[in-house]
Protein chains: 2
Amino acid sequence: MNQKSVEDIPDIADIHLAQARIRARVRMTPVINDSGLDHALGCRMYCKCENLQRTGAFKFRGASNAIARLREDGTAGDVATHSSGNHGAALALAARLDGRTAHVVMPENSSRMKIEAVREYGGRIHFCAPTNDARAAELEKLVAAGMIPIHPYDNADIIAGQGTAALELQQAVPALEQVITPIGGGGLISGTAIATRAWGVAVYGVEPEGAADTLASLQRGAIVASFNPDTIADGLRAIVGQRNFRVIREQVRQVLTVSDDEIREAMTLAWHTLRLLIEPSSATVIAAVRNHPELFGGRKVGAIISGGNIDPEDWLALTRRGSGSA
Amino acid sequence: MNQKSVEDIPDIADIHLAQARIRARVRMTPVINDSGLDHALGCRMYCKCENLQRTGAFKFRGASNAIARLREDGTAGDVATHSSGNHGAALALAARLDGRTAHVVMPENSSRMKIEAVREYGGRIHFCAPTNDARAAELEKLVAAGMIPIHPYDNADIIAGQGTAALELQQAVPALEQVITPIGGGGLISGTAIATRAWGVAVYGVEPEGAADTLASLQRGAIVASFNPDTIADGLRAIVGQRNFRVIREQVRQVLTVSDDEIREAMTLAWHTLRLLIEPSSATVIAAVRNHPELFGGRKVGAIISGGNIDPEDWLALTRRGSGSA
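Bear in mind that the values here come from a model prediction, so they are computed numbers and not experimental data.

**A closer look at the overall build of chain A**
Item 1. Of regular secondary structure, chain A possesses 14 helices and 10 strands.
Item 2. Here the C-alpha radius of gyration of chain A, 18 Å, is about what a compact globule of 326 residues would show, namely 20 Å.
Item 3. The buried share among the 326 residues of chain A stands at 62%.
Item 4. Expressed as a percentage of contacts within chain A between residues at least 6 apart in sequence, the contacts between residues at least 24 apart total 73%.
Item 5. If you average the places of the 34 positive and of the 36 negative side-chain charges in chain A, the two averages end up 4 Å apart.

Take a look at the structure:
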C-alpha cells in the first residue's frame, strides 16, 4: 500500500506538522508517574497513556494524520486498509470525522470486540480468510475499485502521526533520558525515534519473545521473510515494515524481548499501581523496564502505553493464569 | 473528630490555598471528553478523572491538605481516622509522605483490597466490630492516646482539599455550565460547591437510591439521625456531615438519585467509552446525567469521577449482573 520509495521517511519537521494538523481531533493524553510503579521498577517512569486515546490506542494519531494529508492534497474518496486490530478502528473514526468511509479487511476470526469497534466508528468490514494471501487479494480488490490504501505502519504519514505521542511526552516531561515503546509493525517506535532524536534520548523497543521478528531481522541485517507469531500480545504480531525497519536499525538503541508471563505480571502491576487496564502489547514496556535494571535503574524513563483495548474478562483470564504460572 | 464549630467552613480562598499547598504531592488528573460518551448522554461531558489520582481516589486531596495544615501549624504527632474505604488509604499515604503514621479504625469485615491498600501505604489498622459504636469507641481510645483525629469529610481542611478537584476542572475547561459529583459524607460535593460558586456553575449531587440520606435530610430540613444503606456504591454509604449538609443546603442546586442497576450500566458505559474501570460510586454521576436530559441535555457538564478502587473481578461480577437485569 502507498507505493512510495522506502526513502519516504518523515523527519522531525513532519512530526511537528502532524502535531499541528491533528491537534483538534486527537486527545492530549495524560502522562502519569506513580511512586508505587517507580518503586516496583527501580526508576522514574513516565507513562504516556495512549490507552486513553480516542479509539483506545495511539493508532488514532497516525490514522488522523494520514486522513488530514489526503484532505490537504485535495484527494477525495474512501480509504482501505487491512487490520485485525486497533488500526482498523482508528482509521474508521478518522475517516468518518472527515466525511469518508474506511473499508477494513479483517480476518474472519478477528475478535468480536475489535469487529464491533470498527463498525461502531463507521467502518465497513470486508472479511477474508485468515491468511496473508487472502488479505492481500481482498485489499487489492478494494484498491482496484478506487479506494485509497492506508498501510497500518509502513507509511510516512502514519509514522509521523505516531511520533506525536513521544513529542507530547517530551513536551510534558523535561529531561527524559530514555523512551521505550512496543514494536509490532514498527510505526510507533519509528515515529518515536524520529521525534526524540534531536533530544539525545536513548530509544528502546520491546517485542514479545514469541513475535521477535524485528530482533531477528536486526541480527540478520534484513527483514525476515516470514515468521509464526506466538504471543498473547495480539497487537504485536505483525512483521516489521520496510521504512520502520530502516529507522529502527539506524536510530533505536536496543530491542528487548519479554515473555508472555512477564507481560501478564506487568498487566497486573499496571492495574495495581496506575488503576489502568491495559492490553498485553502495552504491558511489554513495563515488563522490559522491570527486567533490565542495568539499563533503566535510577533513570528518568518515558514509556508509551500503547493501548487499552482488552475486554475486562479477557484481562482477568490472562492475568489470573499469569499469577498461577509466575 | 476535629471538634470545631459548624461555622468552620472553608471559602474559595481556602481552596486556592489548599491547591498551592498540595500541588507538589497531588496528581493533576486528566480531564477527558469522549464523543462516544457525549453521544450516549446527549451533552458535552468533561470527566475529571480522580480515579487516576494517587491512592485511586479524590480522597488524597483532602488528606494531603489536612496533613499539610498540621505541619504549617507546627502540630507534630500521628493521626487517626475511621474509614472502611478510600479515606483510610489516602490518609495513610499523606501521613507517610509527611513522616507520620496514620492509624485507621476499620470494621473487621472490610474488603481485602481496602485493607491491603491502607497497609501498603504505611497505615496502621485497628479492627473493630462493624457498628458505629464500636468504631467510635476504638477511635476515642486512639485520640485519648494522643493521636490527632482527621474526620473523613466533616472537616474544613478536608473539604478545602476535595474542592481542588473542581478548581482544576474549571481551570482546564472554560465555561462549564454544570458540575456533578457523588454524595457520600459530602466532602467532595461541598468542596466542589464552594470552589465553583464564584463562576455561577450549577452544582448537582447524586446519591444511590439505597443511600439517599442527604436527600431525605434536605426534605426534612435536618440531618436524618440514622439510616441503613443498601447499595453497591460502597463509597457512598456514609451519613452526610454537619458542615457538608450546610453547604449542600445552601449551594447545591439539586440532589438526584440513581438505582443500582443504573449504576451498573454506567460502569459498563464508562469502560466502553473512556476505557476506565471505575467504582460504583463514580458511576453515579454518569447514570444521573443519562437519566435527566431535561437538566443536562445539550449542556457543558463537568463530572468528578471520584475513584477507581474496585477489583476487576468485582467490576465484572457487578456489570455482568447489570446487563442481565437491565
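The discussion continues.
**Structural notes on the relation of the copies chain A and chain B**
Item 1. At an RMSD of 0.0 Å, chain A and chain B line up after a rotation of 180° and a shift of 0.0 Å along the axis. Those values place the two copies in the arrangement expected of a two-fold rotation axis. Among all residues of chain A, the minimum C-alpha distance to the rotation axis is found for A:Pro30, at 2.9 Å.
Item 2. Taken as a fraction of all interface residues of chain A, those also at the interface in chain B reach 100%, which identifies the copy contact as same-surface.

**Here we look at the packing of helix 9 (residues 213-220) of chain B against helix 10 (residues 242-251) of chain B**
The packing of two helices is summarised by the inter-axis angle and the distance between the axes.
All names here are of chain B.
Item 1. The geometry of helix 9 relative to helix 10 is characterised by a closest axis approach of 11 Å and an angle of 65° between their N-to-C directions. Looking at the two axes, helix 9 sits roughly perpendicular to helix 10. As helix 9 packs across helix 10, the resulting crossing turns out to be right-handed. Where helix 9 approaches helix 10, its residues Thr214, Ser217 and Leu218 are matched on the opposing element by Phe245, Ile248 and Arg249.
Item 2. Looking at side-chain class alone, the contact of helix 9 with helix 10 contains three nonpolar, two polar and one charged residues.

**Some words on the nonpolar core**
Item 1. Grouped together as the largest cluster of nonpolar side chains are 84 residues, with contacts concentrated most on A:Met45, A:Ile180, A:Ile286, B:Met45, B:Ile180 and B:Ile286.
Item 2. Residue contacts for B:Met45: discarding those within four places in its chain leaves B:Ile32, B:Asn33, B:Asp34, B:Leu37, B:Asp38, B:Val285, B:Ile286, B:Val289, B:Val301 and B:Ala303.
Item 3. With 29 residues, the next largest nonpolar core counts B:Leu167, B:Val179, B:Val247 and B:Val255 among its residues.

**Let's talk about the packing of aromatic side chains**
All names here are of chain A.
Item 1. Tallied over the full model, the rule gives two aromatic pairs over all chains.
Item 2. Seen in terms of ring centroids, Tyr204 and Phe296 are 5.0 Å apart; in terms of plane orientation they differ by 65°. Their pairing is edge-to-face. Taken together, the residues Tyr204 in strand 8 (residues 202-208) and Phe296 in helix 13 (residues 293-296) connect sequence positions 92 residues apart.
Item 3. The exposure class of Phe296 is buried, given its relative accessible area of 0%.
Item 4. Geometry around Trp271 places Arg275 over its ring, the cationic atom sitting 5.2 Å from the centre.

**Quick look at the sheet that holds strand 10 (residues 300-305) of chain A**
All names here are of chain A.
Item 1. Here we have six strands laid out as an open sheet, ordered 1-2-10-7-8-9, and mixed in their pairing. In this open sheet, the two edge strands, each paired with only one partner strand, are strand 1 (31-32) and strand 9 (254-258).
Item 2. As paired strands, strand 2 (residues 44-49) and strand 10 are joined by six bridges and run parallel to one another. Paired with Cys47 across the strands is Ala303, a residue of strand 10.
Item 3. Strands in contact with helix 8 (residues 187-196) are strand 7 (178-182), strand 8 and strand 10; relative to strand 7, the strand with the most contacts, it is inclined by about 165°.

**So, the environment of B:Val104**
Item 1. Its location among the elements puts B:Val104 in strand 4 (residues 102-107).
Item 2. Through-space distance from the C-alpha of B:Val104 to that of B:Ser84 is 8.7 Å; in sequence the pair is 20 residues apart.

**Some thoughts on the side chain of A:Thr231**
Residue and element names in this part refer to chain A.
Item 1. When you line up the elements, Thr231 lands in the loop between helix 9 (213-220) and helix 10 (242-251).
Item 2. Among the polar contacts listed, one links the side chain of Thr231 to the backbone nitrogen of Ala233, at a separation of 3.0 Å.
Item 3. Leaving out residues up to four positions away in the same chain, Thr231 has contacts with Pro208, Ala211, Arg237, Asp260 and Ile263.

**Thoughts on the pattern of salt bridges**
Residue and element names in this part refer to chain A.
Item 1. Applying the stated criterion across every chain, the model contains 40 salt bridges over all chains.
Item 2. Of the charged contacts in the structure, one is a salt bridge between Arg61 and Glu50, with a shortest N-O distance of 2.7 Å. With Arg61 in helix 3 (residues 59-72) and Glu50 in the loop between strand 2 and helix 3, this residue pair connects regions lying 11 residues apart in the sequence. Of the two residues, Arg61 and Glu50, neither departs from the other in class, the shared state being buried.
Item 3. With a shortest N-O distance of 2.7 Å, Arg100 and Asp98 are connected by a salt bridge. Neither Arg100 nor Asp98 differs from the other in exposure class; each is buried.

**Some words on the interface of chain A and chain B**
Item 1. Contact residues are listed per partner, giving 26 residues for chain A and 26 residues for chain B.
Item 2. In total, about 2,100 Å² of surface goes out of reach between chain A and chain B, with carbon and sulfur atoms giving 55% of it.
Item 3. Among the residues of chain A in contact with chain B, A:Arg27, A:Trp271 and A:Arg275 are the three that bury the most area, contributing 26% of the side total.
Item 4. For the interface between chain A and chain B, the tally reads four salt bridges.
Item 5. Between B:Glu313 and A:Arg320 there is a salt bridge; the shortest N-O distance is 2.6 Å.
Item 6. In this assembly, chain A and chain B are joined by 14 residue pairs in polar contact (both at pLDDT 80 or more).
Item 7. Elements that contribute at least two residues to the side of chain A that touches chain B include exactly helix 5 (112-120), helix 11 (260-274) and helix 14 (312-325) of chain A.
Item 8. For the side of chain A that touches chain B, the element with the most residues is helix 14 of chain A, which contributes five residues.
Item 9. Residues of the side of chain A that touches chain B, tallied by class, amount to 12 nonpolar, seven polar and seven charged.

What counts as what
- Residues numbered from 1 in each chain as written.
- Chains lettered and ligands numbered in written order.
- Predicted model: local features only at pLDDT ≥ 70, side-chain atom pairs only at ≥ 80, totals over all residues.
- Heavy atoms only, no water.
- Helix = DSSP H or I, 4+ residues; strand = E, 2+ residues; numbered from the N terminus.
- Rg over C-alpha atoms; globule rule 2.2 N^0.38 Å.
- Buried < 20%, exposed > 50% of the residue type's maximum accessible area, 1.4 Å probe, protein only.
- Contact = heavy atoms within 4.5 Å.
- Lys, Arg positive; Asp, Glu negative; His and termini not counted.
- Charge placed at Lys NZ, Arg CZ, Asp CG, Glu CD.
- Least-squares fit on C-alpha atoms with pLDDT ≥ 70 in both.
- Axes fitted to C-alpha atoms, helices over the stretch in contact; angles between N-to-C directions.
- Parallel < 35°, antiparallel > 145°, perpendicular 65-115°, else oblique.
- Left-handed = near helix turned anticlockwise from the far one by under 90°.
- Nonpolar A, V, L, I, M, F, W, Y, C, P; charged D, E, K, R; others polar.
- Core = buried A, V, L, I, M, F, W, Y, C linked by side-chain atoms within 4.5 Å.
- Phe/Tyr/Trp six-rings, centres within 6.5 Å; stacked < 30°, edge-to-face > 60°.
- Lys NZ or Arg CZ within 6 Å of the ring centre and 35° of its normal.
- Pairing = 2+ DSSP bridges.
- Polar contact = N/O pair within 3.5 Å; in protein donor to acceptor, adjacent residues only side chain to side chain.
- Salt bridge = Lys/Arg side-chain N within 4 Å of Asp/Glu carboxyl O.
- Buried area = accessible area lost by both parts, 1.4 Å probe.

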